[in-house]
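Spelled out, the chains give:
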Amino acid sequence: GAAAMAAAMARTMSTAAAGTPAVSLDTINPKVLKCEYAVRGEIVTHAQNLQQELQKNPDSLPFDEILYCNIGNPQSLGQQPVTYFREVLSLCDHPALLDKSETHALYSSDAIERAWQILDKIPGRATGAYSHSQGIKGLRDEIAAGIAARDGFHASGDNIFLTDGASPAVHMMMQLLIRSEKDGILCPIPQYPLYSASIALHGGSLVPYFLDEETGWGLEVDELKKQLEEARSKGITVRALVVINPGNPTGQVLAEENQKKIVEFCKNEGLVLLADEVYQENIYVEDKQFHSFKKIARSLGYTDDDLPLASFQSVSKGYYGECGKRGGYMEITGFSPEVREQIYKVASVNLCSNVSGQILASLVMNPPKTGDESFESFMVERDGILSSLARRAKALEEAFNSLEGITCNKAEGAMYLFPRLHLPQKAIGAAQAAGTPPDAYYAKRLLEATGIVVVPGSGFGQVPGTWHFRCTILPQEDKIPAIISRFKEFHEKFMDEFRD
Ligand SMILES: Cc1ncc(COP(=O)(O)O)c(CN[C@@H]2CONC2=O)c1O
């Protein structure tokens, strides 16, 4: 009661008065301390420091700009937003524009029409109001229609939760499933460190399954089973399986047959399937295409009652790359109504996701169609971006593979390459002497010599004793040759310095 509160306040005051800080590293939540997110980790901080140095005196370093290849953030590297999406978003943000005659000279007629359709789904056309905690119903129905058109199977707007990017949706599912460190989540190694970070923040256990680099980062069900049984033998209750398809950082696109085995595995082992599909529109090879796990499950005859599945999508990737707009969703199927009610309750604590992101998610899942006035120009922008990404992926992959001591699997999809470093023993020794993992040592040396920022493989996890780094394929295409030549020059000097 009040007395206890007053006593606690008094104690806090006295602590502060005594000069010991009220909050210090040993008095914050240890789960926060345990959490790590290498995509914006220490190599990036070092790069930012170097950038400040460059600003102060431009000739201080052997390069004139920092090239951030650490994060899948296309528009920070010059990629342009899709015109149609921005037309509709801007009209929805300022509906008064729709009443002005000049607008028709500035905007395509189908963007104006689409903006009206969207505003008519929002009570009072109030894009500045809180929405339903799952997101605006009309937009969720639009997204469900887009999912159904993509997969050929029914989807319901009631199963959609619109979120500020896919990240909060992943946190929500970890929060739902993890009761203690005795609960485990099967995650790919290498993995996108949102997963290890979220599991740590929620006090669960990461149960690793290793992707097979020798088979193009293959996901073998035998490996899943082995890791599952090992975890269970340690008293871990494995709750869910995370699959990232296309893969980050590894860029593989799963074969349909493999996906069927994964769904059967989850069904047989009673696991929730967490399907991270944010790169579903980033496919660069002819012999693969994206199949959602929802489609795979339905094509195997599993219905809404058979398999708990959460599918994550985002507006941050694809050809749209609208990372800063914070749009995305999770489609949850196969959960009981009362469990879904609990997920809704947690979503309601944050009230709702931002409405612009909601609108954008509905546009991404229902882009212009043939016959729409914007269709041709939209397709030119879309195909231009995707074909350029494919060329950049191939150019960087070939460059890495051309170098002594580097092997690199093809980026079939997503936005990254994850080359393997076959480092000489002398380089390993130098890294140990510097007190850093060999791949982090290499990344730091690369940054200091070239200004190129990559993330060490240790930030994603890797088979012990192997070393990698992750490099995005995102610098604008005309910069790629310079990056390749700068990288080659550094790498050849590095190998000369440390060759055994
Ligand atoms: C596999 C995967 N899932 C989810 C997310 C979260 O995206 P949003 O919250 O923006 O929807 C990312 C972001 N990619 C990170 C960010 O940039 N580089 C990365 O590896 C991702 O790569």
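Scroll up to find the structure.
Being a predicted model, the structure only gives us computed values, none of them experimental.

Colleague: Pulling in residues and values, what's your account of the environment of Pro190?
Modeller: Position of Pro190 among the secondary structure elements: in the loop between strand 3 (183-189) and helix 9 (194-201). Note on Pro190: relative accessible area 3%, which makes it buried. Between the alpha carbons of Pro190 and Leu211 there is a distance of 7.0 Å; along the sequence they are 21 residues apart. If near-sequence neighbours (up to four positions away) are discounted, Pro190 is found in contact with Leu211, Trp217, Asn248, Pro249, Thr250, Phe418, Phe460 and Gly461.

Colleague: Which residues make up the side chain of Gln462, and what are the values?
Modeller: With respect to the secondary-structure elements, Gln462 resides in the loop between strand 13 (455-456) and strand 14 (467-472). Polar contacts involving the side chain of Gln462 include one to the side chain of Asp439, which spans 2.6 Å. At 2.8 Å, the side chain of Gln462 forms a polar contact with the side chain of His468.

Colleague: I'd love a proper account of the sheet that holds strand 6 (residues 272-276), names of residues and values included.
Modeller: As summarised here, the arrangement of the seven strands in space is 2-8-7-6-5-3-4, forming an open sheet in which the pairing is mixed. Bordering the open sheet on either side are strand 2 (160-163) and strand 4 (205-210), each of which pairs with just one other strand. The average angle at which neighbouring strand axes cross in this sheet is 20°, direction not considered. Here four bridges tie strand 6 to strand 7 (residues 309-314), and the two strands are oriented parallel to one another. For Asp276, the partnering residue across the bridge sits in strand 7 and is Phe312. The sheet contacts of helix 11 (residues 256-269) involve strand 3, strand 5 (237-244) and strand 6, and relative to strand 5 the element is tilted by about 165°.

Colleague: If you had to explain the packing of helix 15 (residues 375-401) against helix 18 (residues 480-498) to someone new, which residues and values would you point to?
Modeller: The N-to-C vectors of helix 15 and helix 18 enclose an angle of 15°; their axes lie 11 Å apart at closest approach. It follows from the interaxial angle that helix 15 and helix 18 lie roughly parallel. In this structure, helix 15 meets helix 18 at a crossing whose hand is right-handed. For the pair helix 15 and helix 18, the contacting residues are Arg392, Ala395, Leu396, Ala399 and Phe400 in the first and Ile480, Ile484, Phe487 and Lys488 in the second. Of the residues assigned to the contact of helix 15 with helix 18, the class counts are seven nonpolar, no polar and two charged.

Colleague: Could you give an account of the pairing of strand 2, with specific residues and numbers?
Modeller: With burial as the criterion, each face of strand 2 is covered, one bearing Ile160 and Leu162 and the other bearing Phe161 and Thr163. Alignment of strand 2 against strand 8 (residues 328-333), held across four bridges, turns out to be antiparallel. Looking at strand 8, one finds that Ile160 is bridged to Glu331.

Colleague: Before we move on, could you go through helix 9 and cite the residues and values that matter?
Modeller: The element helix 9 is extensively covered by neighbouring structure, given that six of its eight residues are classed as buried. Those residues of helix 9 that sit buried are Leu194, Tyr195, Ala197, Ser198, Ile199 and Ala200. In the stretch just after helix 9, Gly203 is the one whose phi turns positive, near 75°.

Colleague: Lay out the site of the ligand in plain terms, naming residues and giving numbers.
Modeller: Not every one of the 19 residues close to the ligand is listed here, only the nearest: Ala166, Ser167, Asp276, Ser314 and Ser316. Here an oxygen atom of the ligand and a side-chain polar atom of Tyr279 are 2.7 Å apart. A distance of 2.7 Å separates an oxygen atom of the ligand from a polar side-chain atom of Arg326. Contact with the protein chains hides 95% of the accessible area of the ligand, taken as 500 Å² for the molecule alone. Taken together, the residues of the shell around the ligand break down into nine nonpolar, six polar and four charged.

Colleague: Could you give an account of unusual backbone geometry, naming the residues involved and the relevant values?
Modeller: Of note, the amide linkage connecting Asn245 to Pro246 takes the cis form, showing an omega dihedral of -5°. Mapped onto the fold, Pro246 is located in the loop between strand 5 and helix 11. That bond from Asn248 to Pro249 is cis: its omega, 10°, falls within 30 degrees of zero. In this structure, Pro249 sits in the loop between strand 5 and helix 11. At Ala414, a position not held by glycine, the phi torsion is positive, near 65°. Assignment of secondary structure puts Ala414 in the loop between strand 9 (406-407) and strand 10 (416-417). Exposure remark for Ala414: the relative accessible area of 0% places this residue in the buried category.

Colleague: Requested: an account of the pattern of salt bridges, with residues and values cited.
Modeller: Counted according to the given criterion, the structure contains 28 salt bridges. Residue Arg150 is joined to Asp151 by a salt bridge in which the shortest nitrogen-to-oxygen separation is 2.7 Å. Classification of Arg150 by relative accessible area gives partly exposed; the value is 27%. Residue classification places Asp151 among the buried positions, given a relative accessible area of 8%. Between Glu230 and Lys234 there is a salt bridge whose closest N-O contact spans 3.6 Å. One salt-bridge network, in which partners are shared between bridges, spans Lys225, Glu229, Arg232 and Glu269.

Colleague: How would you sum up the environment of Met174? Please name residues and give values.
Modeller: By the element assignment, Met174 lies in helix 8 (residues 166-177). Residue class for Met174 comes out buried when judged on its relative accessible area of 0%. Met174 has contacts with Ile185, Tyr195, Ser198, Ile199, His202, Val242 and Leu274, leaving out every residue within four places of it along the chain.

Colleague: Explain helix 14 (residues 355-365) to me, and be specific about the residues and the numbers.
Modeller: Each α-helix winds once per 3.6 residues, and so residues spaced three or four apart point in a common direction. When you tally the buried positions in helix 14, you get ten out of eleven residues, the bulk of the element. Listing the buried residues of helix 14 in full gives Val355, Gly357, Gln358, Ile359, Leu360, Ala361, Ser362, Leu363, Val364 and Met365. Those residues of helix 14 hidden inside the fold are in contact with helix 4 (83-93), helix 6 (109-119), helix 7 (137-151), strand 2, strand 7 and strand 8. Regarding helix 14, its N-cap is Asn354, as a side-chain oxygen of that residue lies 3.3 Å from the backbone nitrogen of Ser356 further along.

About the thresholds
Residues numbered from 1 in each chain as written. Predicted model: local features only at pLDDT ≥ 70, side-chain atom pairs only at ≥ 80, totals over all residues. Heavy atoms only, no water. Helix = DSSP H or I, 4+ residues; strand = E, 2+ residues; numbered from the N terminus. Buried < 20%, exposed > 50% of the residue type's maximum accessible area, 1.4 Å probe, protein only. Contact = heavy atoms within 4.5 Å. Polar contact = N/O pair within 3.5 Å; in protein donor to acceptor, adjacent residues only side chain to side chain. Pairing = 2+ DSSP bridges. Axes fitted to C-alpha atoms, helices over the stretch in contact; angles between N-to-C directions. Parallel < 35°, antiparallel > 145°, perpendicular 65-115°, else oblique. Left-handed = near helix turned anticlockwise from the far one by under 90°. Nonpolar A, V, L, I, M, F, W, Y, C, P; charged D, E, K, R; others polar. Near = heavy atom within 4 Å. Areas by Shrake-Rupley, 256 points an atom, 1.4 Å probe, with all protein chains shown as cover. Salt bridge = Lys/Arg side-chain N within 4 Å of Asp/Glu carboxyl O.

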